[in-house]
Amino acid sequence: MTITITAFERSPDGGKGLARGMRVRWALEEVGQPYEVRLLSFKAMREQGHLALQPFGQIPTYEEGDLVLFETGAIIFHIAERHAGLLPREANARARAIMWMFAALSTVEPPIVEHFVAGFVERDKSWHRERLEIVDERIRKRLGELSQRLGEGEWLDGAFSAGDLLMISVLQRIKSSGILDEYANLAAYVARGEARPAYRRAFADQLAVFKAASN
Ligand SMILES: N[C@@H](CCC(=O)N[C@@H](CSCc1ccc([N+](=O)[O-])cc1)C(=O)NCC(=O)O)C(=O)O
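Quick notes on the rules
- Residues numbered from 1 in each chain as written.
- Predicted model: local features only at pLDDT ≥ 70, side-chain atom pairs only at ≥ 80, totals over all residues.
- Heavy atoms only, no water.
- Helix = DSSP H or I, 4+ residues; strand = E, 2+ residues; numbered from the N terminus.
- Rg over C-alpha atoms; globule rule 2.2 N^0.38 Å.
- Buried < 20%, exposed > 50% of the residue type's maximum accessible area, 1.4 Å probe, protein only.
- Contact = heavy atoms within 4.5 Å.
- UniProt positions renumbered as here; feature names shortened; annotations may be inferred.
- Expected span 1.5 Å × (residues − 1).
- Bend = angle between axes of the 7 residues up to and from the residue.
- Polar contact = N/O pair within 3.5 Å; in protein donor to acceptor, adjacent residues only side chain to side chain.

1. Some points on the overall build of the chain
For the chain, the helix and strand inventory stands at nine helices and four strands. The linear arrangement of helices and strands in the chain, starting from the amino end, is β-α-β-α-α-β-β-α-α-α-α-α-α. Here the C-alpha radius of gyration of the chain, 17 Å, is about what a compact globule of 215 residues would show, namely 17 Å. Projected onto its principal axes, the C-alpha positions of the chain cover 50 × 45 × 30 Å. Here the chain, with 215 residues, has 47% of them falling under the buried criterion. Within the chain, residue pairs in contact and separated by at least 24 positions form 67% of the contacts whose partners lie at least 6 positions apart.

See below:
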C-alpha cells in the first residue's frame with residue numbers, strides 16, 4: 001500500500017532539513033520504503049482536511065491504507081516496527097534503541113526547542129537575553145551528559161537505530177547556535193548520520209521541494 005506523508009510546501013528552514021518531515025523521510029529511506037509526499041501550505045495545515053488527520057494542525061503525518069498517524073516519534077516507531085533496519089531484532093537491544101528514541105524527544109530536544117522559541121517569539125522581551133542564557137545552559141547540561149555517554153562510540157548503542165536517527169535530528173537544530181561544536185564527539189556523531197546514504201537521499205528530496213517552491 002502507498003505510504004503518504006505530509007511536509008511543508010515551503011519549509012521555513014530554507015531547505016536545511018530541520019523540519020520534522022525530514023525525520024520521517026530519513027526513516028523511510030533507511031528501511032527502503034518508497035513514499036509519496038503531500039506538500040502543505042501553512043493555510044492548508046489549518047484547514048479541516050488536514051486537521052482531521054492532525055488535530056494540532058502540524059506536519060508530518062503518515063498515511064498507509066486506513067492507518068493515519070501523527071507525532072514524528074510514533075511514525076518512526078511504526079516504520080521501525082514494520083520494516084527491518086531501524087531497530088535491532090534482539091529484545092534487550094531493541095528496548096534500549098526505543099529508550100534512546102524517547103531520550104532524544106523527551107530529554108534532549110525540549111531545551112533545544114526552547115532555544116528556538118526564545119529566538120522567535122521572545123526577542124523583543126526585556127528578559128530575552130537572560131532567559132536565553134539559562135536555556136542554553138540547560139542545553140549544555142544535556143549535551144555534556146550525552147557527550148560523556150557516547151564517548152568515542154559510533155552510535156548510541158551498537159548498530160545505527162531509530163534512536164540515533166532521532167538524536168542526530170534533534171542535535172542538528174542546535175548546530176547553527178555553535179553549541180554543538182563545543183562537543184567534538186557529538187558534532188562528529190551528527191556528521192556520521194548526515195553521511196549516511198539514506199540521509200543524503202532524504203535531504204536531497206526535501207531540498208528539491210524547497211528549491212521548486214522558491215522558483
Ligand atoms: N510533536 C510533533 C510536532 C510537530 C511539529 O512541530 N511540526 C512543525 C514543523 S516541524 C518543527 C520545525 C519548524 C521549523 C523549523 N525550522 O528550522 O524552520 C524546524 C522545525 C509544524 O507543523 N509547525 C507548524 C505549526 O505548528 O503551525 C511531532 O513531533 O510530530
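Having seen it, we continue.
2. Notes on the UniProt feature "domain: GST N-terminal" (unreviewed entry) in the chain
Taken from the UniProt record, the annotation "domain: GST N-terminal" (unreviewed entry) applies to residues 8-87. The span residues 8-87 is 36% helix and 18% strand, and its two end C-alpha atoms sit 27 Å from each other.

3. Considering the side chain of H115
Within the secondary structure, H115 sits in helix α5 (residues 91-121). Ignoring sequence-local partners within four residues, the contact set of H115 consists of L132, V135, D136, I139, I174 and S177.

4. Things to note about α5
Each α-helix turn comprises 3.6 residues. Residues three or four places apart therefore point the same way. Taking 1.5 Å per residue as the helical rise, α5 with its 31 residues ought to reach 45 Å, and the 43 Å between its terminal C-alpha atoms agrees with that figure. Where α5 bends most, the angle comes to about 55°, and this point is E109, followed within four residues by the proline P110. Taking the backbone nitrogen of N92 as reference, a side-chain oxygen 3.0 Å away marks E90 as the first, capping residue of α5.

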